[in-house]
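A closer look at the structure
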Amino acid sequence: MEQKQAHKRTIQGKVVRRIDACSVVILVERKVVHQKYHKIVKRFKKYTIDDRQNKAEVGDFVSAIECRPVSKTKTFALKEIVIKGV
(Lines give C-alpha, C1' and ligand atoms only; values in the text may rest on other atoms or scores of the structure.)
Protein backbone atom coordinates (compact mmCIF):
# COMPACT_ATOMS: atom_id res chain seq x y z
CA MET A 1 0.00 0.00 0.00
CA GLU A 2 1.39 3.37 -1.04
CA GLN A 3 1.66 6.15 1.54
CA LYS A 4 0.84 9.75 0.63
CA GLN A 5 3.38 12.48 1.38
CA ALA A 6 2.02 15.15 3.71
CA HIS A 7 2.14 18.71 2.43
CA LYS A 8 4.94 20.65 4.10
CA ARG A 9 4.43 24.36 4.67
CA THR A 10 7.13 26.79 3.61
CA ILE A 11 7.57 30.24 5.06
CA GLN A 12 9.80 33.14 4.09
CA GLY A 13 11.11 35.84 6.36
CA LYS A 14 13.99 37.96 7.51
CA VAL A 15 16.47 36.72 10.12
CA VAL A 16 16.22 39.03 13.12
CA ARG A 17 18.27 37.15 15.73
CA ARG A 18 20.65 34.24 16.27
CA ILE A 19 19.91 32.20 19.39
CA ASP A 20 22.81 29.73 19.37
CA ALA A 21 24.85 27.68 16.91
CA CYS A 22 21.86 25.98 15.30
CA SER A 23 18.86 28.26 15.85
CA VAL A 24 17.72 31.54 14.30
CA VAL A 25 14.58 33.64 14.68
CA ILE A 26 12.86 34.87 11.53
CA LEU A 27 10.14 37.51 11.19
CA VAL A 28 7.39 36.55 8.73
CA GLU A 29 5.20 39.35 7.36
CA ARG A 30 1.85 38.77 5.70
CA LYS A 31 -0.72 41.19 4.33
CA VAL A 32 -4.42 40.70 5.07
CA VAL A 33 -7.58 42.71 4.49
CA HIS A 34 -8.98 44.29 7.68
CA GLN A 35 -12.42 42.86 8.41
CA LYS A 36 -14.08 46.16 9.34
CA TYR A 37 -12.18 48.84 7.42
CA HIS A 38 -11.36 46.80 4.27
CA LYS A 39 -7.79 48.10 4.13
CA ILE A 40 -4.66 46.00 3.70
CA VAL A 41 -2.78 45.68 7.00
CA LYS A 42 0.45 43.87 7.89
CA ARG A 43 0.58 41.02 10.36
CA PHE A 44 3.86 39.76 11.82
CA LYS A 45 4.90 36.53 13.48
CA LYS A 46 8.28 35.27 14.69
CA TYR A 47 9.36 31.66 14.15
CA THR A 48 12.37 29.85 15.57
CA ILE A 49 13.95 27.73 12.84
CA ASP A 50 16.61 25.04 12.88
CA ASP A 51 19.88 26.00 11.12
CA ARG A 52 22.23 23.01 11.51
CA GLN A 53 24.85 24.25 9.00
CA ASN A 54 25.03 27.66 10.74
CA LYS A 55 24.64 29.48 7.38
CA ALA A 56 22.03 32.17 8.07
CA GLU A 57 23.12 35.56 9.40
CA VAL A 58 21.10 38.46 10.79
CA GLY A 59 19.60 40.41 7.89
CA ASP A 60 19.31 37.49 5.45
CA PHE A 61 15.97 36.73 3.77
CA VAL A 62 15.46 32.98 4.10
CA SER A 63 13.01 30.24 3.25
CA ALA A 64 12.11 27.55 5.82
CA ILE A 65 10.21 24.27 5.50
CA GLU A 66 8.07 22.49 8.05
CA CYS A 67 9.69 19.50 9.77
CA ARG A 68 9.14 17.31 12.77
CA PRO A 69 9.37 19.15 16.12
CA VAL A 70 13.04 19.55 17.01
CA SER A 71 12.25 21.23 20.34
CA LYS A 72 9.35 22.95 22.08
CA THR A 73 9.37 25.94 19.69
CA LYS A 74 11.30 24.70 16.62
CA THR A 75 9.14 23.05 13.96
CA PHE A 76 10.74 24.60 10.85
CA ALA A 77 14.14 23.96 9.28
CA LEU A 78 16.19 26.23 7.03
CA LYS A 79 15.58 25.41 3.36
CA GLU A 80 17.64 28.07 1.57
CA ILE A 81 18.93 31.61 1.82
CA VAL A 82 16.95 33.60 -0.74
CA ILE A 83 18.74 36.97 -0.40
CA LYS A 84 21.98 37.49 1.48
CA GLY A 85 21.80 40.39 3.96
CA VAL A 86 24.08 43.40 4.06
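Residues numbered from 1 in each chain as written. Predicted model: local features only at pLDDT ≥ 70, side-chain atom pairs only at ≥ 80, totals over all residues. Heavy atoms only, no water.

Looking at an unreviewed UniProt entry, one finds the protein named 30S ribosomal protein S17, with Helicobacter gastrofelis as its source organism. Comment text from UniProt for the protein, heading Sequence similarities (unreviewed entry), reads "Belongs to the universal ribosomal protein uS17 family." (UniProt positions renumbered as here; feature names shortened; annotations may be inferred.)

1. Brief notes about the environment of Ile19
The residue Ile19 is located in strand 1 (residues 10-20) in this model. With relative accessibility at 41%, the residue Ile19 sits in the partly exposed group. Residues Ile19 and Lys8, spaced 11 residues apart in sequence, show a C-alpha to C-alpha distance of 24 Å. Residues contacting Ile19, with those up to four places away along its chain left out, are Val25 and Thr48. (Helix = DSSP H or I, 4+ residues; strand = E, 2+ residues; numbered from the N terminus. Buried < 20%, exposed > 50% of the residue type's maximum accessible area, 1.4 Å probe, protein only. Contact = heavy atoms within 4.5 Å.)

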